[in-house]
Amino acid sequence: MSIAITSLNSAVERLLAVESHRPGSVHRLARSDTFAGGKGVNVARVLSQLAAGSHETDTPVPAPLLLGFSGGPTGRLFEDLLGAEDLASSLVPTAGATRVCEVLVDLSDPAGATVYNANGPMVEKPELDALGDLFVQVLARSEALVCTGSIPPGVPADAYARWIAQARREGVLSVLDAHGEVLALGAAALPDIVKVNREELMSLGSGDPETRALDWLDAGIRCVIVTDGDRPAHAFTADAEYEVRAPDVPVRSAVGSGDAFCAGLVRSLLGVPTAGWATHLRIAAACGASNAAGVTAGLTGSHSPAALMSRVTVRESALRSTRRSDTRTDDTRG
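Just so it is clear, the model here is predicted, and its values are computed rather than measured.

Asks: Summarise helix H5 (residues 180–188); cite the residues concerned and give the values.
Replies: Burial in H5 covers these residues: Val182, Leu183, Gly186 and Ala187. With its buried residues spanning 120 degrees around the axis, H5 presents them on a single face. Opposite its buried face, H5 presents the exposed residues Glu181 and Ala188, each directed more than 90 degrees away. Residues of H5 that are buried make contact with helix H4 (159–169), strand E9 (173–177), strand E10 (193–197), helix H6 (198–202) and helix H7 (209–219). Positive phi shows up at leucine 190, right after H5, with a value of about 65 degrees.

If you want it as structure tokens, here you go:
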């Protein structure tokens, strides 16, 4: 069994770190690294790190499996980089080359990292059809599906929606983290969980973002999680709303923190399914904070999720329509 994770717009990611970014100037790099990148890879990396740090008494959780495309010399490099991290993948070769993206981290202002994302290669219909056939095989042996990240040219905007609908029919847990039309169509297919940042939610149109989240709940989505940068996240379920405040950590780069949050959530949902939303969200927030404490995407040993969990605050209240006047810190139930 596996956790299927989309990597439709695979990327080779170049991390460039400078002591202080001065536009128009020549810089000497303080750090330069090359990784397999993209939101799906970030999720898979954190899931693998969590598995490596688990104990024999923990409930086993399936390993992540990246599903997507790879092409050209940069595609071969992408696959080599995945192999170097022991990240499993099942990829369809494309005529177009895998994209290269850059992340520029100003060490004097690490929270303001600059990201340059390429569009990705055009995917041809035979390549898309091959991915569809591959998806059917992968889903049959998956316990969860995570649809995350952008899609390359040639992939229809409803690709995630169709996959989520199939996962729903087969009783496979599904999580959506996307933006724009892909988010709107994917949410309409009713995944179990939608994780979205506030800016992406507001981009779907006018109106109160909280109202949209509640509308998704009414339609049948189990949980809608709205992150908001360094401000508290809010999670909406059929029974309650949760405010999730992550612990303060020395931020070195926030890039990938949302993906780490997603990975922690999936790990908790599969590993301790009866723990309740407060626990699931606490684990997720601890993973996001751990990621922010490092320059590269992934968990940071000096600020591990296990060490941070007790510092995550989860406050529960009634949903807006039946909101209680009191809220309380909830450390025992979800």
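Asks: Got a sec to walk through the environment of isoleucine 3? Specific residues and values, please.
Replies: Tracing the sequence through the fold places isoleucine 3 in strand E1 (residues 2–7). Residues isoleucine 3 and leucine 66, 63 residues apart in the sequence, show an inter-C-alpha distance of 8.4 Å. Not counting residues within four places of it along the chain, the set of residues in contact with isoleucine 3 comprises Leu47, Val61, Pro62, Ala63, Pro64, Leu65, Ala144, Val146, Val266 and Leu270.

Asks: Describe the nonpolar core, naming the residues involved and giving the relevant values.
Replies: In summary, soluble globular proteins display a tendency toward joint burial of nonpolar side chains. Residues Ile3, Ile193 and Tyr242 are the most contacted members of the largest nonpolar core, which totals 51 residues. Sorting elements by how many residues they give to this core places helix H9 (residues 277–292) first, with 9 residues. Within the second largest apolar cluster, 41 residues are counted, among which are Leu67, Phe69, Cys147 and Trp216.

Asks: Help me get a handle on helix H1 (residues 39–52), residues and values and all.
Replies: Over its 14 residues, H1 runs 20 Å from end to end, which matches the ideal 20 Å to within 8%, given 1.5 Å per residue. All of the buried residues along H1 are Gly40, Val41, Asn42, Val43, Ala44, Arg45, Val46, Leu47 and Leu50.

Asks: An account of the packing of H1 against helix H8 (residues 257–271) is needed here, citing residue identities and associated values.
Replies: Packing of H1 against H8 leaves a shortest axis separation of 8 Å and a crossing angle of 50 degrees. In terms of axis orientation, H1 runs oblique to H8. With respect to the hand of their crossing, H1 and H8 are arranged in right-handed fashion. When H1 is examined against H8, the residues Lys39, Asn42, Val43, Val46, Leu47, Leu50 and Ala51 are found in contact with a partner set consisting of Asp259, Ala260, Cys262, Ala263, Gly264 and Arg267.

Asks: An account of the confidence of the model for the protein is requested, with residue identities and associated values reported.
Replies: Per-residue confidence for the protein gives a mean pLDDT of 91, with 93% of residues at or over 70. Across residues 322–334 the pLDDT falls below 50, and counting only partners more than four positions away or on other chains, this stretch makes 28 contacts in the model.

Asks: Let's hear about the packing of helix H3 (residues 125–139) against H4: which residues, and what values?
Replies: Packing of H3 against H4 leaves a shortest axis separation of 11 Å and a crossing angle of 25 degrees. When the axis of H3 is compared with that of H4, the two are roughly parallel. Here H3 runs over H4; the crossing is right-handed. Contacts from Leu131, Phe135, Val136 and Leu139 in H3 reach Trp163, Gln166 and Ala167 in H4. Along the lines of polarity and charge, the residues of the contact of H3 with H4 split into 6 nonpolar, 1 polar and no charged.

Asks: Residue-level account of the packing of aromatic side chains, with values.
Replies: Applying the stated criterion across every chain, the model contains 1 aromatic pair. Residues phenylalanine 135 and tryptophan 163 carry aromatic rings whose centres are separated by 4.1 Å and whose planes lie at 5 degrees to one another, so their mutual orientation is stacked. Remark: tryptophan 163 occurs in helix H4 and phenylalanine 135 occurs in helix H3; sequence separation between them is 28 residues. Like tryptophan 163, phenylalanine 135 is buried.

Asks: Before we move on, can you summarise the pattern of salt bridges with the specific residues and values?
Replies: With the rule as written, the count across this model stands at 11 salt bridges. A salt bridge links aspartate 158 to arginine 162; the nearest nitrogen and oxygen atoms lie 3.4 Å apart. The exposure class assigned to arginine 162 is partly exposed, which follows from its relative accessible area of 41%. Residue aspartate 192 is joined to arginine 222 by a salt bridge in which the shortest nitrogen-to-oxygen separation is 3.8 Å.

Reading the values: rules and limits
Residues numbered from 1 in each chain as written. Predicted model: local features only at pLDDT ≥ 70, side-chain atom pairs only at ≥ 80, totals over all residues. Heavy atoms only, no water. Buried < 20%, exposed > 50% of the residue type's maximum accessible area, 1.4 Å probe, protein only. Helix = DSSP H or I, 4+ residues; strand = E, 2+ residues; numbered from the N terminus. Arc of directions from axis to C-beta. Contact = heavy atoms within 4.5 Å. Core = buried A, V, L, I, M, F, W, Y, C linked by side-chain atoms within 4.5 Å. Expected span 1.5 Å × (residues − 1). Axes fitted to C-alpha atoms, helices over the stretch in contact; angles between N-to-C directions. Parallel < 35°, antiparallel > 145°, perpendicular 65-115°, else oblique. Left-handed = near helix turned anticlockwise from the far one by under 90°. pLDDT = per-residue confidence, 0-100. Nonpolar A, V, L, I, M, F, W, Y, C, P; charged D, E, K, R; others polar. Phe/Tyr/Trp six-rings, centres within 6.5 Å; stacked < 30°, edge-to-face > 60°. Salt bridge = Lys/Arg side-chain N within 4 Å of Asp/Glu carboxyl O.

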